[in-house]
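What follows is the residue order along each chain.
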Amino acid sequence: MRDFLSDLDVKHWAHAHFPGHRYGELSSNLAECFNRWIKDERCLPVTQLVDAIRMKLMEQMSRRKEESLRWKTTVCPTWDKRLAGLFQFSRTWVVRKSSADVYDVRGNPSNTVNICQRRCTCREWQLNCFPCVHAVCAIRKSGCDLNDFVEPCYLAYSFREAYSKSIEPIPTVYEPDFVADSDDVILPPLQRRPAGRPRTERVSPIWKTTRKRLCSRCGTVARHNKRTCKEPLLS
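Please read these numbers as outputs of a predicted model, since none were measured by experiment.

Draft legend 1. Just the state of the cysteines, in detail. Summed over all chains, the structure comprises 0 disulfides. C129 forms no disulfide, and the closest cysteine sulfur to it belongs to C153, at a distance of 6.9 Å. Look at C129 and you get buried, because its relative accessible area is 9%. C218 supplies the cysteine sulfur nearest to C215, a cysteine that is in no disulfide, at a spacing of 3.6 Å.

Draft legend 2. Highlighting the nonpolar core. Counting 24 residues, the largest nonpolar core has L83, V105, V113, I115, W125 and V150 as its most contacted members. Of all elements in the fold, only helix 4 (77-89), strand 2 (102-106) and helix 6 (133-142) reach the threshold of two or more residues within this core. The greatest single-element share of this core, amounting to 6 residues, is contributed by helix 6. The contacts of V105, once residues within four sequence positions are left out, are W93, V94, V95, S110, N111, V113, H134, C137 and A138.

Draft legend 3. Spotlight on the sheet that holds strand 2. Overall, antiparallel pairing links the 4 strands, which are arranged 1-2-3-4 in an open sheet. Strands with a single pairing partner mark the edges of an open sheet, and in this sheet they are strand 1 (94-97) and strand 4 (119-120). In this structure, strand 1 lies alongside strand 2, joined through 4 bridges in antiparallel fashion. What sits directly across from K97, in strand 2, is Y103.

Draft legend 4. Broad picture of the pattern of salt bridges. Inspection of the entire model under this criterion finds 4 salt bridges. Note that R54 and D51 form a salt bridge whose closest N and O atoms lie 2.9 Å from each other. Highlighted residues: R54 and D51, both in helix 3 (residues 46-68), separated by 3 residues, approximately one helical turn. The class of R54 is buried, set by a relative accessible area of 14%. R118 is the partner of E151 in a salt bridge, and the nearest nitrogen-oxygen pair spans 3.2 Å.

Draft legend 5. Summary view of the pairing of strand 3 (residues 111-114). Here strand 2 runs beside strand 3; their pairing, made up of 4 bridges, is antiparallel. Its bridge partner lying in strand 3, V105 is registered against N111. Hairpin geometry of strand 2 and strand 3 is characterised by an intervening segment of 4 residues between the two adjacent antiparallel strands. With 2 bridges joining them, strand 3 and strand 4 adopt antiparallel strand pairing. Its bridge partner lying in strand 4, V113 is registered against C120.

Draft legend 6. Main features of helix 3. In this model helix 3 runs 32 Å from its N-terminal to its C-terminal C-alpha over 23 residues, within 8% of the 33 Å that 1.5 Å per residue would give. Those residues of helix 3 that sit buried are L49, A52, I53, R54, Q60, M61 and S68. Contacts made by the buried residues of helix 3 are with helix 2 (29-37) and helix 7 (156-162).

What counts and what doesn't
- Residues numbered from 1 in each chain as written.
- Predicted model: local features only at pLDDT ≥ 70, side-chain atom pairs only at ≥ 80, totals over all residues.
- Heavy atoms only, no water.
- Disulfide = S-S within 2.5 Å.
- Buried < 20%, exposed > 50% of the residue type's maximum accessible area, 1.4 Å probe, protein only.
- Core = buried A, V, L, I, M, F, W, Y, C linked by side-chain atoms within 4.5 Å.
- Helix = DSSP H or I, 4+ residues; strand = E, 2+ residues; numbered from the N terminus.
- Contact = heavy atoms within 4.5 Å.
- Pairing = 2+ DSSP bridges.
- Salt bridge = Lys/Arg side-chain N within 4 Å of Asp/Glu carboxyl O.
- Expected span 1.5 Å × (residues − 1).

Taken by themselves, the reported measurements are silent on function.
This is how it looks when you write it as structure tokens:
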């Protein structure tokens, strides 16, 4: 791993040196969730798959729009609960005021917070663009509204704005009639379907899979054998 990272710029793998803002997201869980979300539609042909994803997105956007209209908080409910948890956690901490914007939060360890610049010496506020526990404690001492120090992407109105539009249905009556010629037909590859049901769950990470072996069917070195081989054969 050391040799692999030595050839890469530190901004590509270190959160502290990333030039932009990741807002606390450090994994590819979103792609994996989407892959599981369309688990039942993945076996469809390409055109039907795209149409199925469109319908799922259409229903999801309508559902989330209606859900967000019922919110009573300024911040999205998930992040509003996090603010409440940080507020309760820091209730016993001692805060000393240095200037109009700078506060000394005596926690374990102590940190300096500048609420005007939205900076904390723990650097969590700068990295996640969301008030850390020290910032919540300092803002409470200043008497300001905690919601005023939350980035717009965490606010409920931004969520409503993201889902304010809708995806229009596409009636099949407007689809053109298509007659396939011999040149337009794409035949499937010469591929043998292995015995058993197709895999529907996500593949385990590479460090948990079995060792590589030579497949006697396709002739490649991979993590499958002749019985589980799905590689297409050249005609």
